[in-house]
2 protein chains.
Amino acid sequence: MEVIFLGTGGTVPTPERNTVAVAVRVDNEVVLFDCCEGCQKQIMRSTVSFMKIKKVFITHFHGDHFLGLPGMLQTMGLLGRTAPLEIYGPEGAEGFIENLLETGYYGLDFDVRARDLKPGNTVQEAKFTVEAISLNHLVPTNGYLLREKTRPGRFYPEKAEELGVPKRFYGKLQRGECMKVGEREITPDMVMGPPRRGISVAYCTDTTPDWDTGAAKDCSLLIHDATGCDALKEKLNTFGHSTARQAAEIAKKCNAGKLALIHYSQRYREVSGLLEEARVIFQNTFAPRDLDTVMLKHED
Amino acid sequence: MEVIFLGTGGTVPTPERNTVAVAVRVDNEVVLFDCCEGCQKQIMRSTVSFMKIKKVFITHFHGDHFLGLPGMLQTMGLLGRTAPLEIYGPEGAEGFIENLLETGYYGLDFDVRARDLKPGNTVQEAKFTVEAISLNHLVPTNGYLLREKTRPGRFYPEKAEELGVPKRFYGKLQRGECMKVGEREITPDMVMGPPRRGISVAYCTDTTPDWDTGAAKDCSLLIHDATGCDALKEKLNTFGHSTARQAAEIAKKCNAGKLALIHYSQRYREVSGLLEEARVIFQNTFAPRDLDTVMLKHED
């Protein structure tokens, strides 16, 4: 799975950073989380194809999280897209997207399907799911957990051999089917380990740190609101945001594999101070720049 | 007067060009013509202050001409703006702007005043006017002519001296007041030349070349749709655009001082070919890049 940080800034773009948008490439599809103004230009600069984006998940309807949608839709239309695009968001999303499509003249040859997701609602795909998570911000806001579906357990050829299974039947067992060796039924669990969890990415911005982190437990990567430094904690929390240190505390609590800080305030032209504050709590933290890419690999 | 090309591309941004937005600095105010996606970032990169922008004139409601508005409004709000912003556009503008302000959560402490302008309608400022011009595009579209108000004629001190006017009264005559030298009334026209036309900029995109160019006659600078090369003329005209050569023909017809080509199709990463085609017809043509600035000076 590949995570492409198209925009990493918060609230207001700077010459160095767009506001937020993160693309996740999974199973030959791209899922987009948020879509900042200028997102289409960032897509052009990246390895992401407009045509592979099938689903967009908007966290909330503050401008820095969705204002790139109309331009991206128009460019998709000009590129001849016919496949529908699904846009998900928190309460109110359907109405906002409808409004957006009535602002100006569009000539799209594809359907835009908007849907509100309540926390806990899950969008199912063949090989992954995206679950809406309740965040704590000034307006209705969803975080999202993208999770690959559980993969079959590891196959142990030495066990199969011991049971006398001919090699040509290994695939059948790996696909979860049973078979017989003489009179004895061989079931997959006799030659395979327990099912393995898929890679998961939790995208959680904008939010104070006091959201229910249950759904993000053990996620491979947590991408979290880190608007500023700890000295500004009270102010940032009042405005519905977290500090970098608070993001790290959440990562620790979730037992995340890695933490990506995101949504830095425009006051930070340079974010190494935020990174340091977070790493004191959670070592495996990084501070992506626009267009940075992270590969997440299966470890078992 | 200073003209700052914030965006110069057409329809779809490219890594090199934003779509269209042009700022004109006049009389300590900035007038913005069109407001492409990413316009706020271009403003940050330029010498333009968000707070000096008092009026925005949108040519039409295709995305490449207005999608930067919501982000710019929000950033103005975050910067603490309280002065109202006036947004003008063709038929439908009021409704579109109202819709736009209902898409997402805004928290602006300033008024956004939208108004439809019919061709011929003129917005008056102390030292300049902006007149809407009828263009010929696929949807209702205005061009705009920004014109400094007429300046008083040149003052000839030698004439004043000949008439025996004491030097301390020169200012009075220059301000348009009369005075007496003995019994003789001295009127301004006795010591001054005819009123001088102000500098004017005509902003005309998107359009086919067959628009009524009367209002742009003798403009100092014509900024015109030059979507592509002459070989594509029929196709471009069908889609409501002009070629660079047609833009040059309009500049010649208007007796413009200079011509700026704008709104190049994204197929032209390099526009010297378009520039050549235009210069055959109208020598004083240039092809601005994003953030290029042109000074227009009084010549008399």
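Note that the structure is a prediction, hence the values are computed from the model and not measured.

Conventions used here
- Residues numbered from 1 in each chain as written.
- Chains lettered and ligands numbered in written order.
- Predicted model: local features only at pLDDT ≥ 70, side-chain atom pairs only at ≥ 80, totals over all residues.
- Heavy atoms only, no water.
- Helix = DSSP H or I, 4+ residues; strand = E, 2+ residues; numbered from the N terminus.
- Buried < 20%, exposed > 50% of the residue type's maximum accessible area, 1.4 Å probe, protein only.
- Contact = heavy atoms within 4.5 Å.
- Areas by Shrake-Rupley, 256 points an atom, 1.4 Å probe, with all protein chains shown as cover.
- Pairing = 2+ DSSP bridges.
- Axes fitted to C-alpha atoms, helices over the stretch in contact; angles between N-to-C directions.
- Buried area = accessible area lost by both parts, 1.4 Å probe.
- Salt bridge = Lys/Arg side-chain N within 4 Å of Asp/Glu carboxyl O.
- Polar contact = N/O pair within 3.5 Å; in protein donor to acceptor, adjacent residues only side chain to side chain.
- Phe/Tyr/Trp six-rings, centres within 6.5 Å; stacked < 30°, edge-to-face > 60°.
- Least-squares fit on C-alpha atoms with pLDDT ≥ 70 in both.
- Domains from an automatic or database assignment.

## A closer look at the overall build of chain A
Check the secondary structure of chain A and you find nine helices and 16 strands. By its C-alpha atoms, chain A is 70 × 50 × 35 Å across when sized along the principal axes. Counting all 300 residues of chain A, 57% fall into the buried class. For chain A, the proportion of contacts with a sequence separation of at least 24, taken over those separated by at least 6, is 64%. A total of about 12700 Å² of accessible surface is found on chain A, and carbon and sulfur atoms cover 48% of it.

## Details of the sheet that holds strand β1 (residues 2-7) of chain A
Residues and elements named next belong to chain A. Here we have seven strands laid out as an open sheet, ordered β6-β5-β4-β3-β2-β1-β16, and mixed in their pairing. What marks the edges here is a single partner per strand, and that holds for β6 (112-116) and β16 (293-295). Across the sheet, the mean angle from the axis of one strand to that of its neighbour is 20 degrees, orientation sign disregarded. Note that strand β2 (residues 21-26) and strand β3 (residues 29-33) share five bridges and pair antiparallel. Across the sheet, residue Val22 finds its bridge partner in β3, namely Phe33. Where helix α4 (residues 93-101) meets the sheet, its contacts fall on β5 (85-89) and β6, and the angle it forms with β6 comes to roughly 150 degrees.

## A closer look at the interface of chain A and chain B
Across the contact, 37 residues belong to chain A and 37 residues belong to chain B. Summing both sides of the interface, chain A and chain B together bury roughly 2900 Å²; the carbon and sulfur share of this comes to 60%. Here chain A and chain B share zero salt bridges between them. There are 14 residue pairs in polar contact (both at pLDDT 80 or more) connecting chain A and chain B. Elements supplying a minimum of two residues to the side of chain A that touches chain B: α1 (39-45), α2 (63-66), α3 (69-78) and α4 of chain A.

## Things to note about the packing of aromatic side chains
Residue and element names in this part refer to chain A. Taken as a whole and assessed by the stated rule, the structure comprises 20 aromatic pairs over all chains. Geometrically, the ring pair formed by Phe57 and Tyr88 is stacked, given 4.9 Å between the ring centres and 15 degrees between the ring planes. Here Phe57 is found in strand β4 (residues 53-57), whereas its partner Tyr88 is found in strand β5, with 31 residues between them in sequence. Residue classification places Phe57 among the buried residues on the basis of a relative accessible area of 0%.

## Here's the deal with the relation of the copies chain A and chain B
The operation relating chain A to chain B is a screw motion whose rotation component is 180 degrees, with 0.0 Å of axial translation and a residual RMSD of 0.1 Å. Seen this way, the second copy is the image of the first under a two-fold rotation axis. Among all residues of chain A, the minimum C-alpha distance to the rotation axis is found for Gly38 of chain A, at 2.8 Å. Residue by residue, 100% of the interface of chain A is reproduced at the interface of chain B, so both copies engage with the same surface.

## A word on the pattern of salt bridges
All names here are of chain B. Overall, the coordinates contain 22 salt bridges over all chains when judged by the stated rule. Of the charged contacts in the structure, one is a salt bridge between Glu177 and Lys172, with a shortest N-O distance of 3.9 Å. For Glu177, a relative accessible area of 34% corresponds to the partly exposed category. Between Glu249 and Arg245 there is a salt bridge; the shortest N-O distance is 3.4 Å.

## Notes on the sheet that holds strand β12 (residues 200-204) of chain A
Spatially, the seven strands line up as an open sheet ordered β7-β8-β9-β12-β13-β14-β15 (chain A), and their pairing is mixed. Strands with a single pairing partner mark the edges of an open sheet, and in this sheet they are β7 (122-124) and β15 (285-286) of chain A.

## What to know about the domain arrangement of chain A
With domains assigned, chain A is organised as domain 1 (2-151 + 196-295) and domain 2 (157-188). Centre-to-centre separation of domain 1 of chain A and domain 2 of chain A, based on C-alpha positions: 44 Å.

## Quick notes on unusual backbone geometry
Cis geometry is adopted by the peptide bond preceding Asp206 of chain A, which originates at Thr205 of chain A and carries an omega value of 0 degrees. With respect to the helices and strands, the residue Asp206 of chain A is situated in the loop between β12 and β13 (221-225). Positive phi is not limited to glycine here, since Asn255 of chain A has a value of about 60 degrees. Here Asn255 of chain A is to be found in the loop between α8 (244-254) and β14 (258-262). Look at Thr11 of chain B: it is not a glycine, yet its phi comes out positive at around 65 degrees. By secondary structure assignment, the location of Thr11 of chain B is in the loop between β1 (2-7) and β2 (21-26).

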